[in-house]
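Analysis of the macromolecular model
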Amino acid sequence: MAHTNDKELETVLYQRPESMEAHPFHFCPGCGHGTVFRLVAEVIDELKIRERAICVASIGCSVNSYEYFNFDGLESAHGRAPAVATAIKRCHPHLVPFTYQGDGDLAAIGTAEIVHACARGENITTIFVNNAIYGMTGGQMAPTTLAGMYSTSTTAGRKPSLAGYPIRVCEMLSTLEGTAYIARVAVHSPAAVRKAKQAIKLAFRTHLAGLGMSLVEVLSPCPTNWRVEPIKAMDWLEKNMLPYYPPGEYKVIEAVAALRKEVSHA
Amino acid sequence: MSEKTLMAGNIAIAEGAILAGCQAYFGYPITPQNELLEHMSKRMPEEGRIFVQTESELSAINMVYGAAASGCRAMTSTSSPGFSLQQEGLSYMAGAQIPAVVVNVMRGGPGLGDIGGAQGDYFQATKGGGHGDYNLITLAPASVQEMMDLAMLAFALADKYRNPVILLPDGFLGQAVEPVTMRQPVTEFPDKPWAITGAVGRPKNIINSFAMDPADYRPRVELLRQKLMKIRQNEVRYEGIDLDDASLIMVAYGSAFRSAMTAMKMAREEGLKVGIFRPITLFPFPTKPLHDLSRKAKHFLVVELSFGQLIEDVRLSLGTGSQVDLVNQFGGVPISADEILAAIERIMK
Amino acid sequence: MVTLTKPKSSYVVIDTERCKGCHLCIAFCPKKVLKPASRINRMGYTPAEVNEEKARDCTGCGVCAICARISPLPYIAPAGHKQVTPYPPALEAFSVGKNAYGRQYRHR
């Protein structure tokens, strides 16, 4: 750092949020998790709920979540995070438990738990990071892996006749009464990241207003297991994932639409 | 209060849990404990507490984990097939040191089995059941009164040791109706500074059972090992009946104990000197008290509703000098006093 | 004359020892203020760093800060001349060779 102090340049425009620990991430270069963690931490700071927030971590690259957030957290078994969060919220309505899950945790082993949390209209928030692959275990097919896509368990490309079709979680869950806010966003460009933050903030505001289940699906790159460089991974996401998983809001009840006017910036 | 109420076993557990301050109940219907769930669905809201009927036993055990991790006394109840599903959750709770009470009203197995009572989950309950090194305190009631009393004890022991506790009756006890003395509600509860309750004015708490580096995880498992040693030393409970002059001692728990009691009375009327040793804690198993009896009696007869699971712990406790026989039933069918008496007579005559 | 609400020129502070060299911030900076370093850092990555010749072009737009959200590096601080986060203790642990990420897990 060669630059010297100028008196007029005293303002810090941007720094690590209080809700995030000064802890090295284990994520790969260019991984979307870094972004999403940051956005969640910023939202929790801005809503001033750090002392009420509870991170319900899941299994996958998200497993260390509670190490990265500066508030209470706990691990949950694979897929069970919505059940764990449900219990915490029911027992302590003033706390803000949220789940942080990947595509295997939520859309494979955890489908029952997320469906029923939505159906019961549990007042919790789920951040669902969809990178269409299994990261932590080394790149196997996920329920959201695209048709034709390479994975270590579909080395010839995913064949729907053998391995089925990818699951569109937002579309599926938005059919359930009890959901208040379901949205899909992506983090492949600064503009997309701004929108992602807005959605995450609205989800937590839905939670705080007690309006029902809120879920944000975040399309995210996995350069390591997609086997592309980070910058190319952003292009890959835009070209391949956005058409099949269109970003947008899939469920917005009236009360949430009213809240939206108060969500201002990224 | 010493008034007596007629009560079914499943209901006695529910009322005992409420008296013990159970704050949250999560369960899934499965015979033969549905009455427990149904009763809780009515009573918990009456008491201003939490009830959720979940979508599966998997979900139920994980809700128990969440509620207990946030400091609440929490429980679930199920029967044998559901108990199998909950082993993962129990392993996680044992690893994360989370107190909870899990009721398994055992039924005939394996597989879907049937809805009669059985004792085929003894291994699963007392040997850990899920993956990894851990054990769960296992309490075996043998009367409806004990269904209530041991349910209350279960919550106390769970909090004392930060470990899940299994209450292990069978289907017959769940349905049995007997007079019960209502107990006093528990009013004092231990502090739980480790619980995740929101990081207000304190450093954050983390609840987990994981470390990427084995060198980091081993010290935590060592703590569990030492805890289990303490449990083995301090929490053994058992009952002995007519042991002083007995030359044959039956070993039984739960409904099998009740049948054995009748058989013992019948045997005594025939002049046969028979006694009963009843473990109340199946884990920690009353190894030493049973071992001490090996010098007193020549014959031991294990009475259980399984292929022979309790008998292994009995043999281990007694050592090689004693003769240990088995009279059993299985598959959801109760054992009759006549069958047991016939076995006693075979041995002693 | 345009009144600027932001300072006339900003400066980006990158914790180059934490950077994992994904170079997304370099790609997204509209003023090309950042460039790959000509060295590798302790973790073996080629970090992003400020291109001193173009540093004065930085407008503090914050896109790299948003982009910093894309890379797992939450330590970019435009316009702050001081390092806004203290040198992470975990990396001190790294220097004595405990493991690649320092002492990460808390005993409970």
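These numbers were taken from a predicted model, which means no experiment stands behind them.

For chain A, the count of helices and strands is 11 helices and seven strands. The C-alpha atoms of chain A give a radius of gyration of 18 Å, which matches the 18 Å a tight globule of 266 residues would have. Expressed as a percentage of its 266 residues, the buried residues of chain A come to 61%. Of the contacts formed within chain A by residues at least 6 apart in sequence, a portion of 68% connects residues at least 24 apart.

Next up on the list: the confidence of the model for chain B. In low-pLDDT segments, the atomic positions of the prediction should not be examined closely. Averaged over every residue, the pLDDT of chain B is 95; residues scoring 70 or more account for 99%. Interface confidence for the predicted complex, given as ipTM, is 0.83, next to a pTM of 0.85.

Let's shift gears to the interface of chain B and chain A. The partner chain A presents 27 residues to the 32 residues of chain B that form the contact. Sorting elements by how many residues they give to the side of chain B that touches chain A places helix α3 (residues 57–69) of chain B first, with eight residues. When its residues are assigned to classes, the side of chain B that touches chain A shows 17 nonpolar, 12 polar and three charged. Taken together, the two bridges between strand β2 (residues 73–74) of chain A and strand β9 (residues 206–207) of chain B define a ladder with parallel strand orientation. Bridge pairing in β9 of chain B links leucine 74 of chain A to isoleucine 207 of chain B.

Another point: the sheet that holds strand β6 (residues 137–139) of chain B. Residues and elements named next belong to chain B. Here seven strands make up an open sheet; going across it, the order is β3-β2-β4-β5-β7-β6-β13 and the pairing mixed. In this open sheet, the two strands that pair with only one neighbour each are β3 (50–53) and β13 (281–283). Averaged over all neighbouring strand pairs, the angle between strand axes comes to 20°, with direction disregarded. In this sheet, strand β7 (residues 164–167) lies alongside β6 in parallel orientation, the contact comprising three bridges. Paired with leucine 139 across the bridge in β7 is leucine 167. Of the strands in this sheet, β2 (24–27), β3, β4 (74–78) and β5 (100–104) touch helix α2 (residues 34–46), which is tilted by about 140° from β3.

What follows deals with the confidence of the model for chain A. On average, residues of chain A carry a pLDDT of 91, and 93% of them reach 70 or more. Note on residues 1–10 of chain A: pLDDT is under 50 here. Beyond four places in sequence and across chains, it has 11 contacts.

This next bit is on the packing of helix α1 (residues 32–46) of chain A against helix α8 (residues 190–208) of chain A. Residues and elements named next belong to chain A. Across the interface, α1 lies against α8 with an axial gap of 9 Å and an inter-helix angle of 45°. With respect to α8, the element α1 is oriented oblique. Between α1 and α8 lies a crossing whose hand is right-handed. Contacts between α1 and α8 pair Thr35, Leu39, Val40, Glu42 and Val43 from the former with Val193, Ala196, Lys197, Ile200, Lys201 and Phe204 from the latter.

A few words now on the sheet that holds strand β11 (residues 248–251) of chain B. All names here are of chain B. Across the sheet, which stays open at both edges, the five strands sit in the order β10-β12-β11-β14-β15 with mixed pairing between neighbours. Edge positions in the open sheet fall to β10 (238–241) and β15 (323–328), since each of these has one partner strand only. Each adjacent strand pair in this sheet contributes to an overall mean axis angle of 20°, direction not counted. As judged from the six bridges shared by strand β14 (residues 299–304) and β15, these two strands associate in the parallel manner. Across the sheet, the residue bridging to phenylalanine 300 is valine 324, located in β15. Lying on the sheet, helix α10 (residues 254–269) is in contact with β11, β12 (274–279) and β14; it crosses β12 at an angle near 165°.

Each value, and the rule that gives it
- Residues numbered from 1 in each chain as written.
- Chains lettered and ligands numbered in written order.
- Predicted model: local features only at pLDDT ≥ 70, side-chain atom pairs only at ≥ 80, totals over all residues.
- Helix = DSSP H or I, 4+ residues; strand = E, 2+ residues; numbered from the N terminus.
- Rg over C-alpha atoms; globule rule 2.2 N^0.38 Å.
- Buried ≥ 20, exposed ≤ 12 C-beta atoms within 10 Å, placed from the backbone.
- Contact = placed C-beta atoms within 7 Å.
- pLDDT = per-residue confidence, 0-100.
- Nonpolar A, V, L, I, M, F, W, Y, C, P; charged D, E, K, R; others polar.
- Pairing = 2+ DSSP bridges.
- Axes fitted to C-alpha atoms, helices over the stretch in contact; angles between N-to-C directions.
- Parallel < 35°, antiparallel > 145°, perpendicular 65-115°, else oblique.
- Left-handed = near helix turned anticlockwise from the far one by under 90°.

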